[in-house]
Amino acid sequence: MDTLKKNNWTREEIREIHDLPMMDLLYRAASVHREYHDPNTVQVSTLLSIKTGGCPEDCSYCPQAARYHTDVDSHKLMSLDKVEFMAAQAKANGSSRLCMGAAWRNVKDGPEFDEVLEMVRTINKMEMEVCCTLGMITENQAKRLAEAGLYAYNHNLDSSEEYYKEVISTRSYQDRLDTIANVRKTNVTVCSGGIIGMGEKIDDRIGMLVALTSLNPHPESVPINALVAVEGTPLEDEKPVEIWELIRMVATTRIVMPETQVRLSAGRTNMTPEGQALCFLAGANSIFSGDKLLTTPNPAKSEDMKMFEALGLIPQKPFVKKAQPETVEAADSQVPALGEKPKWTRPNLHKSTS
Ligand code: SF4
């Protein structure tokens, strides 16, 4: 069965896949992975916090929420020069994608957003995939980001709709879906995934996958995070996720969204290289590099490179997957033209890696 465009997965169908005996699950996921992706290529991405802490939201897992007492210091928006320097360093270290995160509830039009647009233009010219995670955005803001050359916008669903309320009260699941819909009206790709280990049931993990697969088209990118329980947050006492749970989640995500880039995200510090290798076999094809993931610890680059060497993995070049989806052209936006139009043509753009 071609699951490529299947948007009507039921909870029962996905649960059945998730609960397969591990060897059957791994075999099936690895088979799908080989059909749609190069199993020996993994994208290295860098996550850069461009505005840290002081967030008005109450996400129970997040040390950047102003209301929790954590060790995270607040910083105002990073300068363009610093962002450019960090991006160059990330690229030199093998990253082909830079994701800039700002601890905002939503984007406000004004000088700070203009500055972020300038960052997007700058990194786009460096021939890296540029991604942003800035909170909720309007359709117009999405179009302005598209015009600046944004490749992807990250906005996670985090969990099932039912469990979302247990974790966050300052915005709704529908708010999340609305922002994703705004991004979809542009040619910016969608990155949306979630976190396991927040005290949710397996059914909530399945519910999140149902919600993600019902998006048409599927998100081009799905990060799967394992909670990093940070002291001072409401989830500080949650137990670490078992590696087998993470492998099951990665494998199930790969099977139900075959074309999607599945990203192994937060929580890698607790994983052995062997555990990560099983995640790659199960269909993960991206890691985040650098010793910090926004504000939580991440394996050092040298450890990652040792693992890549041992496994014979090759870091993926930017823009080799496929063309951007054709949606509303940014020229339709009501905002004045801001610099260059998105230019997605890159060497190898149409060359499939599979
Ligand atoms: S996850 Fe994002 S929106 Fe939620 S508290 Fe942290 S920075 Fe704010």
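### Here's the deal with the overall build of the chain
Line of reasoning, step 1. Regarding its fold elements, the chain presents eleven helices and twelve strands.
Line of reasoning, step 2. Within the chain, buried positions represent 49% of all 354 residues.

### Overview of the packing of helix α3 (residues 80-92) against helix α4 (residues 111-125)
Line of reasoning, step 1. Look at α3 against α4: their axes get within 10 Å of each other, and the N-to-C directions meet at 30°. In terms of orientation, α3 lies roughly parallel with respect to α4. In this structure, the crossing between α3 and α4 has a hand that is right-handed. Contacts between α3 and α4 pair L80, V83, E84 and A87 from the former with E115, E118, M119, T122 and I123 from the latter.
Line of reasoning, step 2. Partitioned by chemical class, the residues of the contact of α3 with α4 number five nonpolar, one polar and three charged.

### Quick notes on the pairing of strand β1 (residues 41-51)
Looking down a regular strand, the side chains alternate between one sheet face and the other.
Line of reasoning, step 1. Most of β1 is tucked away: ten of the eleven residues are buried.
Line of reasoning, step 2. Inspection of the sheet shows β1 paired to strand β12 (residues 314-315) by two bridges, in the parallel sense. Paired with V42 across the two strands is P315, which belongs to β12.
Line of reasoning, step 3. In terms of strand pairing, β1 meets strand β9 (residues 284-289) through four bridges, oriented parallel. Bridged to T46 within β9 is S289.
Line of reasoning, step 4. Note that the unit made of β1, α3 and strand β2 (residues 97-102) has a crossover that is right-handed.

### Here's the deal with the nonpolar core
Line of reasoning, step 1. Within the largest apolar cluster, 91 residues are counted, with the highest numbers of intra-cluster contacts made by L98, V120, L145, L150, Y153 and V250.
Line of reasoning, step 2. For this core, the element with the highest residue contribution is helix α9 (residues 243-256), accounting for seven residues.
Line of reasoning, step 3. Contacts of V250, omitting those with residues within four sequence positions, involve I224, V262, C279, A282, G283 and A284.

### Let's talk about unusual backbone geometry
Excluding glycine, most residues fall at negative phi; most peptide bonds, likewise, are trans.
Line of reasoning, step 1. With omega at 0°, the peptide bond leading from N216 into P217 counts as cis.
Line of reasoning, step 2. As for its position among the elements, P217 is in the loop between α8 (202-213) and β7 (221-226).
Line of reasoning, step 3. A positive phi angle, close to 60°, is found at E127, a residue other than glycine.
Line of reasoning, step 4. Within the secondary structure layout, E127 lies in the loop between α4 and β3 (129-133).

### Quick notes on the confidence of the model for the chain
Line of reasoning, step 1. Per-residue pLDDT for the chain averages 86, and the proportion of residues at 70 or more is 85%.
Line of reasoning, step 2. Under a pLDDT of 50 for its full length, residues 321-354 has, in the predicted model, 60 contacts with residues more than four places off or in other chains.

### Regarding α3
Line of reasoning, step 1. In this model α3 runs 18 Å from its N-terminal to its C-terminal C-alpha over 13 residues, within 8% of the 18 Å that 1.5 Å per residue would give.
Line of reasoning, step 2. Of the residues making up α3, those classed as buried are V83, A87 and A90. End-on view of α3: buried residues confined to an arc of 60°, all on one side of the axis. Summarising the geometry of α3, the exposed residues directed more than 90 degrees from the buried face are D81, F85 and A92.
Line of reasoning, step 3. Count one or two residues on from α3 and you reach G94, which has phi positive near 100°.

### Some thoughts on the environment of E166
Line of reasoning, step 1. Its place among the elements puts E166 in helix α6 (residues 161-167).
Line of reasoning, step 2. Along the primary structure E166 and M198 are separated by 32 residues, whereas in three dimensions their C-alpha atoms are 9.5 Å apart.

### Section: the pairing of β9
Line of reasoning, step 1. Among the six residues of β9, six are classified as buried, and the element is accordingly described as predominantly covered.
Line of reasoning, step 2. Remark: the strand β8 (residues 261-264)/helix α10 (residues 273-281)/β9 crossover connection has right-handed handedness.

### A few points about the environment of T122
Line of reasoning, step 1. Relative to the assigned elements, T122 resides in helix α4.
Line of reasoning, step 2. Through-space distance from the C-alpha of T122 to that of E84 is 7.1 Å; in sequence the pair is 38 residues apart.

### Details of α9
Since the α-helix turns once every 3.6 residues, residues separated by three or four places project in the same direction.
Line of reasoning, step 1. Along its 14 residues, α9 runs 20 Å from first to last C-alpha, staying within 8% of the 20 Å computed at 1.5 Å per residue.
Line of reasoning, step 2. Buried residues dominate α9, accounting for eleven of its 14 residues.
Line of reasoning, step 3. Within α9 the residues assigned to the buried category are L246, I247, R248, M249, V250, A251, T252, T253, R254, I255 and V256.

### What to know about the environment of V250
Line of reasoning, step 1. Along the chain, the position of V250 falls in helix α9.
Line of reasoning, step 2. Judged by the 27 C-beta atoms lying within 10 Å of it, V250 falls in the buried class.
Line of reasoning, step 3. Sequence separation of V250 and V222 is 28 residues, and the distance between their C-alpha atoms is 9.6 Å.

### Topic: the packing of helix α1 (residues 11-18) against α8
Helix-helix packing is characterised by the crossing angle of the two axes and by the distance between the axes.
Line of reasoning, step 1. At a closest axis distance of 9 Å, the pairing of α1 and α8 adopts a crossing angle of 120°. If you check the angle between α1 and α8, you find them oblique. Of the two possible hands of crossing, α1 and α8 adopt the one that is right-handed. Together, R11, I14, R15 and H18 of α1 and I202, D203, I206, G207, L209 and V210 of α8 make up the contact between the two elements.
Line of reasoning, step 2. Its residues placed into classes, the contact of α1 with α8 shows five nonpolar, two polar and three charged.

Conventions and cut-offs
Residues numbered from 1 in each chain as written. Predicted model: local features only at pLDDT ≥ 70, side-chain atom pairs only at ≥ 80, totals over all residues. Helix = DSSP H or I, 4+ residues; strand = E, 2+ residues; numbered from the N terminus. Buried ≥ 20, exposed ≤ 12 C-beta atoms within 10 Å, placed from the backbone. Axes fitted to C-alpha atoms, helices over the stretch in contact; angles between N-to-C directions. Parallel < 35°, antiparallel > 145°, perpendicular 65-115°, else oblique. Left-handed = near helix turned anticlockwise from the far one by under 90°. Contact = placed C-beta atoms within 7 Å. Nonpolar A, V, L, I, M, F, W, Y, C, P; charged D, E, K, R; others polar. Pairing = 2+ DSSP bridges. Right-handed = clockwise from strand over helix to strand, strands pointing away. Core = buried A, V, L, I, M, F, W, Y, C linked by C-beta atoms within 7 Å. pLDDT = per-residue confidence, 0-100. Expected span 1.5 Å × (residues − 1). Arc of directions from axis to C-beta.

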